[in-house]
Amino acid sequence: MNKKKIAILGSTGSIGTQALDVIEQNPDLFEVEVLTANSQFELLIQQAIKFKPNAVVIVNDDHYDHVYEALDPLGIKVYAGRKALDQIVQMGSIDMVLTALVGFAGLSPTLEALKAGKAIALANKETLVVAGELVMATAKKYNAPIIPVDSEHSAIFQCLVGEEHNPVEKIILTASGGPFRTKSLEEIEKASLNEALNHPNWSMGSKVTIDSATLMNKGLEAIEAKWLFGLKPEQVEIIVHPQSIIHSLVGFADGSLKAQLGLPDMRLPIQYALGFPYRIPSNSKRFSFTDFPNLNFEQPDLDRFPNLRIALECMQKAGNMPCVMNAANEVAVDAFLNEKISFTDISRIIEKTIVNSSFLSTPDYQDYIESDQEARNRASSFIY
Ligand code: NDP
Ligand code: MG
């Protein structure tokens with residue numbers, strides 16, 4: 001069997017580095033064709049020396065000279081800038097593009113990869129939140145598969161294998177509830193950056209960790225699921241499950257529920273996406289019920305976690321509203337990470353941005369670009 005040639009967009013992040021672990025464990029199955037980073041050029045160089053890709057992209061071009069000097073003598077092509085991501089994903093030799101970069105920046109290279117007919121292993125959920133309709137239509141037009149990496153969506157995808165002829169009644173996304181699940185509104189008001197970054201079950205990049213603390217992450221995932229699996233908003237349910245063992249469930253017309261379970265370890269869904277349709281043997285730690293005698297479930301609290309309410313409302317409104325919400329969230333989370341605003345300011349800024357934005361019911365690509373930029377400007381004006 002030929003090795004699958006993988007391009008990892010965002011190889012220096014949490015998903016990117018874990019994907020490289022998976023590839024390192026399976027040298028007979030996978031080969032790294034492209035690696036990209038935003039600004040962590042030293043780590044990118046180290047990764048390239050180890051995995052010998054055909055090419056790398058450093059998006060922040062201030063670091064181009066450094067990367068070029070280190071990798072050109074090894075015969076590795078070096079490119080810089082955002083546009084380079086759009087071009088590199090079209091490279092003929094790539095079989096699959098893992099979108100492990102964070103935020104709106106994922107949209108453009110994902111669309112270009114789909115247009116080139118590449119299989120996508122999709123970690124970057126913002127792509128589907130911002131422009132799910134356009135992305136799914138592009139995938140269909142160019143016959144390019146999208147395999148989810150997000151653990152909940154991987155769970156649903158796995159539950160749907162073999163169910164092609166059976167319509168889905170509903171899906172149930174599980175949420176850990178994050179570090180503030182049991183905190184009062186008063187305590188959440190005073191939450192510090194360190195408390196918000198301290199996720200109980202998962203170790204992830206800082207943006208998605210804050211999104212998990214506000215429950216925006218689950219809202220983004222509801223929208224991601226709606227597009228990926230072609231559902232109506234009413235078919236997407238959310239349940240808080242603090243142990244993060246059941247990764248999500250699918251309900252069918254006969255009342256059956258199928259779930260996918262496992263320890264919380266992102267290497268599992270990453271490996272499933274890279275290897276699909278084959279399951280690759282792994283020596284990862286096995287789940288045991290006796291280690292988890294209690295699996296608990298509770299309703300999410302939309303009053304203490306207004307970001308989830310906002311996201312579900314935007315999923316209903318559709319059009320450019322999820323795009324506007326995503327942009328405001330990216331700006332607000334960045335401001336919180338830089339300790340410019342409080343934790344609860346995040347949802348206030350998103351809500352104010354949405355109220356002040358105009359609604360477009362059937363946006364095209366250019367509308368998404370403009371909605372994103374306008375929402376970023378507006379959200380920033382509420383901060384500085
Ligand atoms: P990280 O912040 O850890 O990594 C992000 C990666 O993207 C880094 O390689 C970073 O480069 C690069 N990057 C950042 N900004 C840009 C930009 N503007 N243009 C190009 N590249 C950029 O994120 P995660 O790995 O945690 O998350 C990646 C995506 O996967 C997110 O969409 C997240 O929601 C999703 N996801 C993550 C999970 C996790 O467990 N981490 C679980 C499920 C989904 P540099 O290092 O140079 O800054
Ligand atoms: Mg998830």
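Conventions and cut-offs
- Residues numbered from 1 in each chain as written.
- Chains lettered and ligands numbered in written order.
- Predicted model: local features only at pLDDT ≥ 70, side-chain atom pairs only at ≥ 80, totals over all residues.
- Heavy atoms only, no water.
- Donors = N, O, S within 2.8 Å, 3.2 Å for Na, K, Ca; no water.
- Near = heavy atom within 4 Å.
- Areas by Shrake-Rupley, 256 points an atom, 1.4 Å probe, with all protein chains shown as cover.
- Nonpolar A, V, L, I, M, F, W, Y, C, P; charged D, E, K, R; others polar.
- Domains from an automatic or database assignment.
- Helix = DSSP H or I, 4+ residues; strand = E, 2+ residues; numbered from the N terminus.
- Buried < 20%, exposed > 50% of the residue type's maximum accessible area, 1.4 Å probe, protein only.
- Contact = heavy atoms within 4.5 Å.
- Pairing = 2+ DSSP bridges.
- Axes fitted to C-alpha atoms, helices over the stretch in contact; angles between N-to-C directions.
- Salt bridge = Lys/Arg side-chain N within 4 Å of Asp/Glu carboxyl O.
- Parallel < 35°, antiparallel > 145°, perpendicular 65-115°, else oblique.
- Expected span 1.5 Å × (residues − 1).
- Buried area = accessible area lost by both parts, 1.4 Å probe.

Colleague: Could you clarify how one ought to interpret the coordination of the magnesium ion (ligand 2) in this entry?
Modeller: In a perfect tetrahedron of four donors around a metal, the angles come out at 109.5 degrees. In a perfect octahedron of six, they are 90 or 180 degrees. In the first shell of the magnesium ion (ligand 2), the protein supplies D150 (OD), E152 (OE) and E221 (OE), at 2.1 to 2.2 Å from the metal. Every donor residue of the magnesium ion (ligand 2) comes from the same chain, spaced as D-x1-E-x68-E.

Colleague: Is there a simple way to think about the site of ligand 1 in this case?
Modeller: Around ligand 1 there are 24 residues in total, and T12, S39, Q40, E126 and G205 lie nearest to it. If ligand 1 stood free it would expose 890 Å²; the protein chains cover 86% of that surface. Residues belonging to the shell around ligand 1 are distributed by class as follows: eleven nonpolar, ten polar and three charged. Each of domain 1 (4-148) and domain 2 (154-264 + 291-317) contributes no fewer than three residues to the shell around ligand 1.

Colleague: Can you walk me through the environment of I15 in this structure?
Modeller: Structurally, I15 can be placed in helix α1 (residues 14-25). Residue class for I15 comes out buried when judged on its relative accessible area of 17%. Expressed as a C-alpha distance, the spacing of I15 and K52, which sit 37 residues apart in the sequence, is 19 Å. Apart from residues no more than four positions distant in its own chain, I15 is found in contact with L98, A100, A123, M266 and I270.

Colleague: What's the story with the sheet that holds strand β6 (residues 119-122) in this structure? I'm lost.
Modeller: Across the sheet, which stays open at both edges, the seven strands sit in the order β4-β3-β2-β1-β5-β6-β7 with parallel pairing between neighbours. At either margin of the open sheet sits one strand with a lone partner, and together these are β4 (77-80) and β7 (146-148). Within this sheet the neighbouring strands show an average axis-to-axis angle of 20°, counted without direction. Bridge count between β6 and β7: three bridges; the pairing is parallel. Across the sheet, A121 pairs through a bridge with I147, a residue of β7. Contacting β3 (55-58) and β4, helix α3 (residues 64-71) runs over the sheet at an angle of about 175° to β4.

Colleague: Help me understand the pattern of salt bridges in this model?
Modeller: Between side chains of opposite charge, pairing is possible as soon as their charged atoms come close. What the rule picks out here adds up to 20 salt bridges. Here R181 and E298 are joined by a salt bridge, their closest N and O atoms 3.1 Å apart. One end of the pair, R181, is in the loop between β8 (168-175) and α8 (185-189); the other, E298, is in the loop between α12 (267-275) and α13 (306-317), with 117 residues separating them in the sequence. A network of salt bridges, in which partner residues are shared, links K125, D150, E152, K218 and E221.

Colleague: For this particular structure, what's the right way to read the packing of helix α6 (residues 126-141) against helix α11 (residues 216-228)?
Modeller: Helix-helix packing: each pair is described by the crossing angle between the helix axes and the interaxial distance. Interaxial distance between α6 and α11 falls to 9 Å at its minimum, and their mutual angle equals 5°. Comparing their axes, α11 and α6 come out roughly parallel. Judged by residue contacts, L128, V129, G132, E133 and M136 of α6 engage L220, I223, E224, W227 and L228 from α11. Its residues assigned to classes, the contact of α6 with α11 comprises seven nonpolar, one polar and two charged.

Colleague: Would you take a moment to explain unusual backbone geometry for this structure?
Modeller: If a residue is not glycine, its phi is most likely negative; likewise, a peptide bond is most likely trans. The omega torsion of the bond from F276 to P277 falls at 10°, within 30 degrees of zero and hence cis. Note that P277 resides in the loop between α12 and α13. Backbone geometry places K52, a non-glycine residue, at a positive phi of 50°. Within the secondary structure layout, K52 lies in the loop between α2 (41-51) and β3. With a phi close to 55°, E339 is a non-glycine residue in the positive phi region.

Colleague: Looking at this structure, how should I read α11?
Modeller: Three- or four-residue spacings in an α-helix give side chains the same orientation, since the helix completes a turn every 3.6 residues. Under the 1.5 Å per step criterion, the end-to-end length of α11 is 18 Å for 13 residues, consistent within 8% with the ideal 18 Å. Summarising burial for α11: twelve of the 13 residues are buried, a large majority. Taken together, the buried positions of α11 are occupied by M216, N217, K218, G219, L220, E221, A222, I223, E224, A225, K226 and L228. Downstream of α11 by a residue or two, G230 has a phi angle that is positive, lying close to 60°.

Colleague: For this particular structure, what's the right way to read helix α10 (residues 206-214)?
Modeller: In terms of burial, α10 is largely enclosed, as seven of its nine residues are buried. Taken together, the buried positions of α10 are K207, T209, I210, D211, S212, A213 and T214. Here the buried face of α10 lies against α6, α9 (193-197), α11, α13, α14 (321-337) and α15 (345-355). Phi turns positive one or two residues past the end of α10, at L215, with a value near 70°.

Colleague: Just to check I follow, could you spell out the domain arrangement of the protein chain for this structure?
Modeller: Interfaces are often sized by the accessible area lost when the parts come together. When its domains are assigned, the protein chain resolves into domain 1 (4-148) and domain 2 (154-264 + 291-317). Summarising the inter-unit geometry, the C-alpha centres of domain 1 and domain 2 are found 27 Å apart. Contacts between the two partners involve 13 residues from domain 1, matched on the other side by 14 residues from domain 2. Buried surface at the junction of domain 1 and domain 2, both sides included, amounts to about 1,200 Å², of which 72% is carbon and sulfur. Among the residues domain 1 hides against domain 2, the three largest losses belong to K125, V129 and P148. Together they make up 46% of the total. The tally of links from domain 1 across to domain 2 stands at two salt bridges. Listed by contribution, the elements that provide at least two residues to the side of domain 1 that touches domain 2 are α6 and β7.

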